[in-house]
Amino acid sequence: MGEQACACEEKYKEIEEAIGEYKGDRSALIPLLQKTQRLFGYVPRAVQVKIAEELGIPLTDVYGTVTFYSFFSLKPKGKYNIQCCNGTACYVRGAPKVIERFEKELGIKAGDTTDDGKYSLQVVRCLGACGLSPTIMVNQDTHARMKPDKVPEVLKKYV
Amino acid sequence: MALVTLTIDGKKVEIEEGATVLEAARKAGIDIPTLCFLEDINEIGACRMCVVEVKGTKALQAACVYPVSNGLEVHTNTPLVRASRRLTLELLLSNHPYECPTCIRNLNCELQALAEKLGIREVRVPGIREEFKVDDSTPSIVRDPNKCILCRRCVAVCEQIQGIKAVAPMNRGFKSVVTTAFQQPMADVSCVLCGQCTLVCPVGALYEHDDIDKVWKALADPDKHVIVQTAPATRVTVGEMFGMEPGTISTGKMVAALRRLGFNPVFDTDFAADLTILEEGSELIERLEHGGKLPLITSCSPGWIKFIEHFYPDLLDHLSTCKSPQQMFGAIAKTYYAQKVGVDPSKIVVVSIMPCTAKKFECRRPEMNSSGFQDVDYVLTTREFGRMVKQAGIDWNSLPEEEYDDPLGVSTGAGAIFGATGGVMEAALRTAYELVTGKTLERLDYNEVRGLEGIKEATVDFDGLQVKVAVAHTLSNARKILDRVKAGEVNYHFIEIMACPGGCLGGGGQPIPTNTEIRKKRMAAIYEVDKNMPLRKSHENPAVKMLYEEFLGKPLSHKSHELLHTHYTPRPKY
Ligand code: SF4
Ligand code: SF4
Ligand code: SF4
Ligand code: FES
């Protein structure tokens, strides 16, 4: 679920070595999580367990920290990363309704990734395309003048 | 320590330096409402229920964390204070489900009581509510985050007292929730089901899994022979469910209430506690004499057992193989007792009244069926038993004092003290001394192992043989002892460990509130029960002697091993 077998044994090795250097040292929690986030683009569950074990702290402390700071994410970005602009121009012209529709269609909240790992939904400040508002981007493609009803159509293009 | 003088609402109060305004106010008889505050455990100033005005400071201050100082001038009942407390409470209520009439904490809920005290008649803030799933995945504890007010008392208890922190605050802002890592069901994490969190939760967000209806059903079934056992620590606490003073001994009333509920016969776990001592005492002697694994560690407390299985699986062979008294009782009830009265064991239903939520888990462990059936069918906590009595419309105060039935209701003072930290050790020493030395023990009270100190140690002289023992209660203290054992820093022969503070008398299934003050009173009552018993050594229990003569043979016999001993299962830490 979500966490596909990673083609990244290298990364695991690297992070395990880093964790190993901080055995029993609680204060290493945040730096290690930051390193993990940079390395993987998210903080895999297996790494969280490893950190808890090696630092000798409860798993709730690790998971609590990961969910407290927005810098960390629990799931890898989906195959399609949907960024919905909610800057002033987009907001005034109905971006919240568009976001809501995406949430409904995908069954996830903004900031999350679908369980099949296909779509991530993000709300961003400004995509710099205010003339075309409300604007969204799916990976590198821009979709302008979005309306809630156009959401299913857009999603159909990315399967 | 130096004294400081301050004034609260115009009243002069003298108190030691380092105290808080809340303590000073309580000393002066001034009531400041609190919610997140839990003495010595959770003093984090989070809920802001206890705010007061302190002259010279701009903002209102949380009395539970504000330190006293000389000349401090505090006001606890000003318009600003009242308005602030009101708003705090209204905010809490704004996203709280109004389910009081059907809530397990109805009439014993701190949130509800505060709303009444502050006279909240309307909530002016619109609430946004997240819906959470109720977690009923374990046989012991239910977690309903919908009612959680994020006071963190459970987190503090689980972390500081039990050294586990199975639950903690996750996310931030409106999405904050107290839950497990990865929001897993409680059954899938290393929670030991001790229930200490249910004792401190101010509301109905953490509570015991309720088995009352199953017991009513069994009692109503004419095909069933429903018998009951009562744990040592329940007789000194159950009265609190009916407004009696903590420390009241209610053995006779409890027996009478159980008969009126329809249990017949009414037996006593104290009997099985005596039996445990014969088995465990013999196991200790055997390990001492034949170079077995030492230290031997007691195995009566199921929260402790689950703890060592999760966190110290490499030390499992130190555990006594004895089942807990509750489980020994079940196995004997469905074999020996069944034969004796000629009842088909498949028709016997064994119910336990226990101070403990972890006992609900214990009785469902797959290995606890040596009679050929599940040895103990249902466990009710002291709280559930109290509720059952109320449901039946029984008037507690007018109940007479009645006696337990024979033979599994016969017990000694040694069985009774199993309910307090140090009690299993003391009971074991009373018997082991006489078995080893062949002499009569003159002084029965082992005061060195009594009391609320976290870790107690003693060296006991068995006629030249120096036996080193230690006693720990709470799992954070268990951790300390185990780490020392692992590091080879100590050479104890025998260790008693109980999961809950104070032992079973402070168990997670006991009446709410349970705090240090109340624990002390219950403890005094337990030793009073012991003192008043005609027999105070387990090996003198005539019913236990008869059980060995008629059925088991001798301690550690083949049959004993089959019925009264068990094995353990390593479990993952996370
Ligand atoms: S937790 Fe308290 S306030 Fe909330 S529903 Fe239950 S009794 Fe009522
Ligand atoms: S039952 Fe015990 S171990 Fe489990 S969460 Fe509550 S306090 Fe912690
Ligand atoms: S579950 Fe109970 S004790 Fe724990 S934070 Fe919520 S209200 Fe407080
Ligand atoms: S009781 Fe003082 S802040 Fe909660």
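Scroll up a little and you will see the structure.
Presented here is a report on the structure given in the accompanying data block.

About the criteria used
Residues numbered from 1 in each chain as written. Chains lettered and ligands numbered in written order. Predicted model: local features only at pLDDT ≥ 70, side-chain atom pairs only at ≥ 80, totals over all residues. Heavy atoms only, no water. Helix = DSSP H or I, 4+ residues; strand = E, 2+ residues; numbered from the N terminus. Buried < 20%, exposed > 50% of the residue type's maximum accessible area, 1.4 Å probe, protein only. Near = heavy atom within 4 Å. Nonpolar A, V, L, I, M, F, W, Y, C, P; charged D, E, K, R; others polar. Pairing = 2+ DSSP bridges. Phe/Tyr/Trp six-rings, centres within 6.5 Å; stacked < 30°, edge-to-face > 60°. Lys NZ or Arg CZ within 6 Å of the ring centre and 35° of its normal.

## Some thoughts on unusual backbone geometry
Of note, the bond from Ser-133 of chain A into Pro-134 of chain A is cis; its omega dihedral lies within 30 degrees of zero at -10 degrees. With respect to the helices, strands and loops of the structure, Pro-134 of chain A is situated in the loop between strand E2 (119–124) and strand E3 (136–138). For the bond from Leu-294 of chain B to Pro-295 of chain B, the omega torsion is -5 degrees, close enough to zero to count as cis. With respect to the helices, strands and loops of the structure, Pro-295 of chain B is situated in the loop between helix H8 (269–289) and strand E12 (296–297).

## Observations regarding the environment of Glu-401 of chain B
Residue and element names in this part refer to chain B. Examined against the element boundaries, Glu-401 turns out to sit in the loop between helix H12 (382–391) and helix H13 (413–416). In this structure Glu-401 comes out as exposed when scored by relative accessible area, which is 59%. Separated by 146 residues in sequence, Glu-401 and Val-255 have C-alpha atoms that sit 7.4 Å apart.

## Observations regarding the site of ligand 3
Lining the immediate surroundings of ligand 3 are Cys-148, Ile-149, Leu-150, Cys-151, Arg-152, Cys-154, Val-178, Cys-201, Pro-202, Val-203, Ala-205 and Leu-206 of chain B. Within the shell around ligand 3, the residues separate by chemical class into 11 nonpolar, no polar and one charged.

## Examining the pairing of strand E3 (residues 51–54) of chain B
All names here are of chain B. The pairing of E3 with strand E4 (residues 61–62) spans two bridges and is classified as antiparallel. In the sheet register, Val-51 faces E4, and the bridge partner there is Ala-62. Connecting E3 to the next strand, E4, in antiparallel fashion are six residues, including Gly-56 with a positive phi near 95 degrees.

## Notes on the packing of aromatic side chains
In this description, an aromatic ring pair is defined by two values, namely the gap between the centres and the angle between the planes. For the coordinates displayed, the defined rule picks out 16 aromatic pairs over all chains. Taking the centre distance of 5.6 Å and the plane angle of 85 degrees together, the rings of Tyr-433 of chain B and Phe-462 of chain B count as edge-to-face. Of the two residues, Tyr-433 of chain B sits in helix H14 (residues 423–437) while Phe-462 of chain B sits in strand E15 (residues 455–462), which places them 29 residues apart along the sequence. Tyr-433 of chain B gets classed as buried once you look at its relative accessible area, which sits at 13%. Overall, Phe-462 of chain B belongs to the buried group, its relative accessible area being 3%. Sitting above the plane of the Phe-40 of chain A ring, Lys-11 of chain A keeps its charged end 6.0 Å from the centroid.

## Points about the sheet that holds E15 of chain B
Residues and elements named next belong to chain B. Strand order in the open sheet formed by four strands is E12-E17-E16-E15, with mixed pairing between adjacent strands. Each end of this open sheet is capped by a strand with a single partner; those strands are E12 and E15. Both strand E16 (residues 465–473) and strand E17 (residues 494–498) contribute to a ladder of five bridges, which runs parallel. Within E17, the residue paired with His-473 across the bridge is Met-498.

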